[in-house]
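Tertiary structure, described
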Amino acid sequence: MNKDVENKNTHDHSHGEHHHHHDHDHHHHDHDHCHCGGHHHDHDHDHHHDHDHCGGYHHHGHDHDHDHDHEHGHDHSHAKAMPTDKWVPHTHEPGVPHEHGVNDYMKAVAEYRKTWPTKQDVIEQTPDPAVREMILRMEQIGCDTVFDRFDKQQPQCTFGIAGVCCRVCFMGPCKITPKSPRGVCGANADLIVARNMTRAVAGGLTQHGAHAREILISLKAAANDQLDIPILGEEKIRTVCKAFNIPEEGRSLKEVANDLADVLLEDLSRALPGEYKTITALAPAERREVWKNLDILPISAYNEAFDAYHRTCVGTDGDWESNMKQFLRCGLAFTFTGVVAADIATDALFGQGGRRTSKVNIGALKKGYVNIAVHGHLPTLVSQICTIGASEEYLEKAKAIGAKGIQFYGICCSGLSSMYRYENVIPLCNAIGAELVLGTGALDCWVADVQDVYPAIMDVARCFNTKVITTSDAARLPGAEHIGYDHHHTNLSETKALARKILDRALEAHELRKGMPVFIPPYEITAEVGFSPESTVKHYGSFKPLAEALKSGKVRGIVNVVGCSNPRVIYEKATVDIVDTLIKNGCIILTNGCASFPLMKLGYCNTDAIKKCSPALQEFLGDDQPPVWHVGECVDNARSSGIFGGIAAELGLNLPQLPFAMSSPEWSNEKGVGASLGFRLMGINSYHCVEPPTQGSDAVTKWLKEDTKDILGSVMYVNTDPAKVAEKILADIDAKRAALGWAEVK
């Protein structure tokens, strides 16, 4: 080899204060490096340098392209590796290499990264002024936030973003590049991406499934007098039991509730193949036929999560399409156990709640009170904390230590579930905003159970001496006190005693924190909440007026806007921008979960927002219905589906035919994969501003974004520009209206 080539080619790039020295040793012909803490370069002879300082601190929004024309004195063909052409039968000519295509995901990821905001972008563009003030406040006091940490993580791993990093065995981890188009086991990009997506939706299934399991255990325990909580949702229980053919005549409410819990628990945990009874009882017949023909009907939630992890293990299912079929099965189990069963059990045990007006946002924090935040997703213990905390007994205890009373605040879905049912709970923020709320210094106690409880809250809590209490054995935080159920739920009967212990700790924390500086930005508004299929029928008399308004064009379409937040987009801005455009163009919005917080905080759930709507929509809404209908926590996607289903039944049409849509603009976790998939399984398109980690596989990306149109009647649409997403939603709604011969809306 030429000496000049044998020597290292050295490139110096100066970027202001940062100096990077890049060494490319072409003598060893090893051009694929991922240096965590250093630089990531993918060299395929036409060199595109995508700098990854994994875990580092420098992010340069540009690429370095160097054209290197090097002769490497060796051959990649099989001819050189084989001593003879006779000992292995081949279907191709000897000396011709196997082809394993690798797309140019490096460039796609580099372009995608350019759309990601920095913390400064969030400060300048976030739609909520309270968020802006609190980010600056946290900066002043030296507490970092999710936005600081996101900046420090840049640029994040290209292989992970594209979905081509495989860590399922310990021969790896493996990555897919032009130089290494297959992992050690032979898995290519399509298989690795498909396995990662299947594992993601299985993870989401376990999260919503765990949520459902705790409520179902609680419902069964209450029905058998093992949990001293009244069963408040008799009407819901009676209605659902008819669909399941559970006998009611001559039987007590508790007997019927016990049988309902058993049916739903069976769908959760069935091992032997059998009928998924929730699907049979509650899914539209047209959809059941579609799923049956695709062979994606699940056995149980446990089985599908179990099978997803089994088949994605090394050396098991090597067919990417087979993996994506399991992806769909997990989606159905996620929907009918994680969402529908959880929703039924919550309404059965705690009642549906009703429409009410609630204060919202950080300005609603009260000085002088024992302030307690509930954060997470499990309602059983929270129900008793809020109920007992509102009692005269605890009011007197609070006054005895100089407080005005006890006030509860909701973070994430525990707050939304409680807001519907207990008047003393004020919703403040979603998971990403939790650190900002803690940073006010106004909270004495933070009660956390499961999911979307970031470990970073402990750092902020320590700054303000806020007492953090965890309540689930599955979700501990170092430094927090644990007061909750054990792994086997043997202490479920002690729920009220646990609630009292937590309330007493909050009173103690209030005393210890007296004199703590408090900073509360003065932003507060009211929101109308408590919408559901039942409230819709109660308000309009039936689904007929809403169906007729949709057909006539007074309502152009109905869009379910949900999902967690993601620092890959301006915090809460994508959600707000999409909704603002949709209501101006005649669409009613349904919302729940984390995405609902900005819509509540910025007035879209208030009747004042009617004036933002199209004239025709204003006429339909009147003066007492906001354009955004808040239906609850994340599992209350079941309520959105119920509204969609009620309209479809009224019109005698199937869901895929109707001008409905689902959007999770800022989705960020495994549950988000399942939530959007659940609606696509129903034949309803989903729309997003965050890409799924599939860019490394053209086949899987095309399957998600195009090919499911043929098998499910729906697709996943992604564009990082919220304006383009809103435009696409409206165009697709109009196309469905035109196909039905309905009135054109201008």
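Analysis parameters
- In this convention, every chain numbers its residues from 1, walking through the sequence in written order.
- Since the coordinates come from a predicted model, pLDDT governs what is reported: local features require at least 70, and pairs of side-chain atoms require 80 or more to be given and counted, while whole-chain, interface and lining totals use all residues.
- Water and hydrogen atoms play no part in the side-chain values, which are based on all heavy atoms of the structure.
- The distinction between a cavity and a pocket rests on a 1 Å grid over the protein atoms alone: a 1.4 Å probe fits inside a cavity but cannot get out, while a pocket stays open yet meets protein on both sides within 12 Å along at least five of seven lines, and a residue with an atom within 4 Å of a point counts as lining.
- Grid points are joined across faces, edges and corners, and a volume is the space filled by probe spheres set on the points.
- We call Phe, Tyr and Trp rings a pair once their centres come within 6.5 Å, taking the six-membered ring for Trp, and we label the pair stacked below 30 degrees between planes, edge-to-face above 60, and tilted otherwise.
- Labels follow the DSSP assignment, with helices taken as runs of H or I lasting at least four residues and strands as runs of E lasting at least two, numbered in each case from the N terminus.
- Only protein chains enter the calculation, and the probe is 1.4 Å; a residue is then buried if its accessible area is under 20% of its type maximum, exposed if over 50%, and partly exposed in between.
- By the criterion adopted, a ring carries a charge over it if an Arg CZ or a Lys NZ lies within 6 Å of its centre and within 35 degrees of its normal.
- Salt-bridge detection follows one rule: a side-chain nitrogen of Lys or Arg within 4 Å of a carboxyl oxygen of Asp or Glu.
- Pairs of residues are marked as contacts when any of their non-hydrogen atoms sit within 4.5 Å.

In this section: empty space enclosed by the protein. For the structure on display, the rule yields 7 cavities of 30 Å³ or more. Considering only enclosed or pocket space, the largest cavity measures out at about 170 Å³ in volume. Surrounding the largest cavity, 17 residues form its lining, Gly563, Cys564, Cys634, Lys671 and Ala675 being those nearest its centre.

Below, the discussion takes up the packing of aromatic side chains. Within the structure shown, the criterion is met by 12 aromatic pairs. On the basis of an interplanar angle of 45° and a centroid distance of 5.8 Å, the ring pair of Trp116 and Phe150 is categorised as tilted. Of the two residues, Trp116 is situated in the loop between α3 (105-113) and α4 (119-125) and Phe150 in helix α6 (residues 146-152); the sequence distance between them amounts to 34 residues. Both residues of the pair, Trp116 and Phe150, belong to the buried class. With a centroid separation of 5.5 Å and an interplanar angle of 10°, the aromatic rings of Phe531 and Trp629 are classed as stacked. Note that Phe531 is positioned in the loop between β16 (525-529) and α21 (533-540) and Trp629 in strand β19 (residues 628-632), a separation of 98 residues in sequence. Residue Phe531 shares its accessibility class with Trp629, and that shared class is buried. Sitting above the plane of the Tyr276 ring, Arg270 keeps its charged end 6.0 Å from the centroid. Sitting above the plane of the Tyr369 ring, Lys366 keeps its charged end 5.1 Å from the centroid.

What follows deals with the pattern of salt bridges. Under the criterion given, the structure shown has 47 salt bridges. Residues Lys107 and Asp104 are paired through a salt bridge, measuring 3.8 Å at the closest nitrogen-oxygen approach. For Lys107, a relative accessible area of 45% gives the class partly exposed. Note that Lys114 and Glu111 form a salt bridge whose closest N and O atoms lie 2.8 Å from each other. The class of Glu111 is partly exposed, set by a relative accessible area of 46%.

So, about the side chain of His630. One can find His630 in strand β19. Residue contacts for His630: discarding those within four places in its chain leaves Leu416, Met419, Tyr420, Glu528, Val529, Gly530, Phe531, Thr591, Ser596, Met600 and Cys605.

With respect to the helices, strands and loops of the structure, Leu227 is situated in the loop between α8 (189-223) and α9 (234-243). Separated by 266 residues in the primary sequence, Leu227 and Ser493 place their C-alpha atoms 4.8 Å from one another. Apart from the residues within four sequence positions on either side, Leu227 is in contact with Ser218, Ala221, Ala222, Thr380, Leu492 and Thr495.

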